[in-house]
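Summary of structural features
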Amino acid sequence: MRIAGVDIPVGKTKKIDVNIAKLPSGTLIDIPIIVYRAPKEGPTLMLLAGMHGDEINGVEIMRRIIREKLYKVDAGTVICIPIINIYGFINFSRDVPDGKDINRSFPGSKTGSLASQVAHFMMEEIIPHIDYGVDFHTGGARINNSPQIRVQTDDAQNLELAQAFGTRFILNSPYREKSLRKEAFKHGKRILVYEGGESLRLRKSAIDEGITGMQRVMKHLKMKDSAPKPERETILINKSTWVRAKSAGLHYSFVRNGSKIIPKEILGEVCDPYGTYQINIKSPLEGYIIAVNNHPVINRGDALFHVGN
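In what follows, the accompanying structure is described. This structure is a prediction, so every number in the text was calculated from the model and none was measured.

**As for the overall build of the chain**
- If you tally the helices and strands in the chain, you get six helices and 19 strands.
- Taking the principal axes of the C-alpha coordinates as reference, the chain spans close to 70 × 50 × 35 Å.
- Charge separation in the chain, taken as the distance between the mean sites of 43 positive and 33 negative side-chain charges, equals 1 Å.

**What about the pattern of salt bridges?**
- Under the criterion given, the structure shown has 16 salt bridges.
- Measuring nitrogen to oxygen at the nearest pair gives 3.0 Å for the salt bridge that ties glutamate 183 to lysine 186. Linking glutamate 183 with lysine 186, this pair stays in helix α5 (residues 180-186), spanning three residues, or about one helical turn.
- Looking at glutamate 183, the relative accessible area reads 7%, which means it is buried.
- Linked by salt bridges that have partners in common, Arg64, Glu68, Lys204 and Asp208 make up one network.

**Digging into the nonpolar core**
- Formed by 36 residues in total, the largest nonpolar core has its most connected members in Ile33, Met46, Ile81, Met122 and Ile126.
- Here the element with the most residues in this core is helix α3 (residues 114-126); it accounts for eight residues.
- Those residues in contact with isoleucine 81, other than ones at most four positions away along the chain, are Ile31, Pro32, Ile33, Leu47, Leu48, Ala49, Met62, Met122 and Ile126.
- Judged by nonpolar contacts, the second largest core, of 34 residues, contains Val134, Ile149, Ala162 and Leu192.

**Structural notes on the environment of tyrosine 175**
- Mapped onto the secondary structure, tyrosine 175 falls in the loop between β9 (169-172) and α5.
- Taking relative accessible area as the criterion, tyrosine 175 reaches 18% and is therefore assigned buried.
- Sequence separation of tyrosine 175 and phenylalanine 185 is 10 residues, and the distance between their C-alpha atoms is 9.1 Å.
- Once residues within four sequence positions are removed from consideration, tyrosine 175 is found in contact with Gln152, Asn158, Arg181, Lys182 and Phe185.
- Of note is the side chain of tyrosine 175, whose polar atom sits 2.9 Å from the side chain of asparagine 158.

**Concerning helix α6 (residues 204-220)**
- Helix length check: α6 (17 residues) gives 24 Å between terminal C-alpha atoms against 24 Å at 1.5 Å per residue, within 8%.
- Where α6 ends, the next residue or the one after it, lysine 222, has phi of about 60 degrees, a positive value.

**Comments concerning the sheet that holds strand β13 (residues 249-253)**
- An order of β16-β15-β13-β18 is seen for the four strands of this open sheet, with the pairing classed as antiparallel. Here the strands that pair on one side only, and so sit at the sheet edges, are β16 (278-282) and β18 (297-298).
- For strand β15 (residues 266-271) and β16, the ladder comprises five bridges, and the chain directions are antiparallel. Within β16, the residue paired with isoleucine 266 across the bridge is lysine 282.

**A word on the packing of helix α4 (residues 156-165) against α6**
- One can describe the packing of α4 onto α6 by two numbers: an axis separation of 7 Å at closest approach and a directional angle of 125 degrees. Classified by the angle between their axes, α4 and α6 sit oblique to one another. Packed against α4, whose contacting residues are Glu160, Leu161, Ala164 and Phe165, the element α6 presents Glu209, Gly210, Gly213, Met214, Arg216, Val217 and His220 at the interface.
- Partitioned by chemical class, the residues of the contact of α4 with α6 number five nonpolar, three polar and three charged.

**With respect to the pairing of strand β8 (residues 143-151)**
- With nine of its nine residues buried, β8 lies for the most part within the structure.
- Pairing between β8 and strand β17 (residues 287-293): three bridges, direction antiparallel. The residue bridging asparagine 145 from the neighbouring strand is alanine 291, located in β17.
- Judged from the four bridges that link them, β8 and β9 form a sheet pairing that is parallel. Its bridge partner being in β9, glutamine 148 is matched across the sheet by phenylalanine 169.

Rules used in this analysis
- Each chain has its residues counted from 1, following the order in which its sequence is written.
- This being a predicted model, a pLDDT of at least 70 is required before a residue's local features are given, and a value of 80 or more before pairs of side-chain atoms are given or counted; all residues contribute to the totals for chains, interfaces and linings.
- Water and hydrogen atoms play no part in the side-chain values, which are based on all heavy atoms of the structure.
- Helix and strand assignments come from DSSP, with helices taken as H or I runs of at least 4 residues and strands as E runs of at least 2, each series counted from the N terminus.
- Charge assignment: positive for Lys and Arg, negative for Asp and Glu; neither His nor the chain ends contribute.
- Each charge is placed at NZ for Lys, CZ for Arg, CG for Asp and CD for Glu.
- Within this document, salt bridges are pairs made up of a side-chain nitrogen of Lys or Arg and a carboxyl oxygen of Asp or Glu, the two lying within 4 Å of each other.
- For every residue, the accessible area (1.4 Å probe, protein chains only) is compared with the maximum for its type, and the residue is labelled buried under 20%, exposed over 50%, or partly exposed between those bounds.
- What is meant by a nonpolar core is a set of buried Ala, Val, Leu, Ile, Met, Phe, Trp, Tyr and Cys residues, joined one to another through side-chain atoms within 4.5 Å.
- Two residues form a contact once any of their heavy atoms are found within 4.5 Å.
- Between N or O atoms, a polar contact is any pair within 3.5 Å; within protein, one atom must be a potential hydrogen donor and the other a potential acceptor, and residues adjacent in sequence are included only when both atoms are from side chains.
- Helices are assigned an expected span. That span is 1.5 Å times one less than the residue count.
- Should DSSP find at least two bridges between two strands, the strands are taken to pair.
- As a rule, the C-alpha atoms of each element are fitted with a line to give its axis, helices using only the stretch in contact, and angles between N-to-C directions run from 0 to 180 degrees.
- An angle below 35 degrees is treated as roughly parallel, one above 145 as roughly antiparallel, one from 65 to 115 as roughly perpendicular, and anything else as oblique.
- Just so you know the grouping, Ala, Val, Leu, Ile, Met, Phe, Trp, Tyr, Cys and Pro go in nonpolar, Asp, Glu, Lys and Arg go in charged, and all remaining residues, Gly too, go in polar.

What follows is the structure, given as structure tokens:
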């Protein structure tokens, strides 16, 4: 295996610092990649975080995987990329400095925008080596996602991998244009997208579930002999909808993330700051809360609760 001009021999761990760009000051921006190749043959699994620089739960998941050497499998190869969007990470931003989203820039271009160049690197240097991947994300803009795997569930192999991950919810999520998941699928590579927690805030439960789910995927792929068992039954979400604010004001949530709800159940309320009105937010259907907007000040039309069934 050769990545960015570096050979990785069987039975070894290799840290590769890939120069992706540099700051206007001339400071080099490197993407660290840790690769482990077990002596025994097996599949190659990519573990990726930091596609959106402000989604740090995934970064912490990767830090613990590396710190605890969970990437050292019995068979196969693991490619760890803790932060693919270094620019976004150091600037507390979802995107790169030109405002583009790396995950809407695939397959990328060697001479395109900065986001496109990062996507091109992934497609040229990483994706050809892998068989499977887990891309760790969190909710954005104060959206707290209950731990969930997003896959296109009409693909049997995708669904099997998602069930092996064993998180609380599996969300049917069609491929998005120019995303890593879709471009990788075109090359026969299947990538799970894990969502848990919210941007710029570490949430231990989401981090722990991401780590144990990753271990269960490794066991399913016969890369490891054992993994922690899921604590709860996995629930398949075929459809989902956002309950939106009908008025601006202060938002109070009454339901816990991940809880089951019934039609017309009061999920929360929106009040004006002057005490003149108070509006209940009701569930339109029976299902589960799979995400909650934690922002206390909202505008009319803002997404408040993501409900799936």
